[in-house]
Amino acid sequence: QNCDGRYILNFLGQLSFDSSVSSAAAAAAEQTLAFQLGIVPFLYYPVFFVFTGALQGLSINQSIIRGKENFIPLMKRNLLFWLPVQFIVFD
């Protein structure tokens, strides 16, 4: 497993942040950040906008415009809801 907490703990150590963060909590934070800042914006949303645009009969360019218009509001809502939920799930 790649998200085992070592990156977060190493980062906190580099900042000289004396912390009692458990490795389980650090692993949950890593998994949450990987999903929410990596997979969702760079994989899930592009696929979502292409497929839903195709279902709506939009061209690729129209789907891209739709994605650009909706990305920021959707990402904000996504982070507000899923950050705490995924942290609980991954912990």
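Before going into details, it helps to say that this report is about the structure given with it. (Residues numbered from 1 in each chain as written. Predicted model: local features only at pLDDT ≥ 70, side-chain atom pairs only at ≥ 80, totals over all residues. Heavy atoms only, no water.)

Some points on the pattern of salt bridges
Pairing is possible between side chains of opposite charge, provided their charged atoms come close. Defined as follows: Salt bridge, as used here, is a side-chain nitrogen of Lys or Arg placed within 4 Å of a carboxyl oxygen of Asp or Glu. Here the term buried applies to any residue with accessible area under 20% of the maximum for its type, exposed to any over 50%, and partly exposed to those in between, with areas from a 1.4 Å probe on protein chains only.
Counted according to the given criterion, the structure contains 1 salt bridge. Where Asp 4 meets Arg 6, a salt bridge forms, and the shortest distance between an N and an O atom there is 3.4 Å. For Asp 4, a relative accessible area of 33% translates into the label partly exposed. Look at Arg 6 and you get partly exposed, because its relative accessible area is 43%.

A short note on the packing of aromatic side chains
Here is the rule: Ring pairs are drawn from Phe, Tyr and Trp, using the six-membered ring of Trp, whenever the two centres fall within 6.5 Å, and their geometry is named by plane angle: stacked under 30 degrees, edge-to-face over 60, tilted for the rest. Helix and strand assignments follow DSSP, with helices taken as H or I runs no shorter than four residues and strands as E runs no shorter than two, numbered in order from the N terminus.
Inspection of every chain in the model, using the stated rule, returns 6 aromatic pairs. Arranged with centres 6.2 Å apart and planes meeting at 40 degrees, the rings of Tyr 45 and Phe 49 form a pair that is tilted. Taken as a pair, Tyr 45 and Phe 49 lie in helix 2 (residues 23-55) at a separation of 4 residues, close to a single helical turn. Across the pair, exposure class does not vary: Tyr 45 and Phe 49 are buried alike. With a centroid separation of 5.2 Å and 75 degrees between ring planes, the pair formed by Phe 48 and Phe 49 is classed as edge-to-face.

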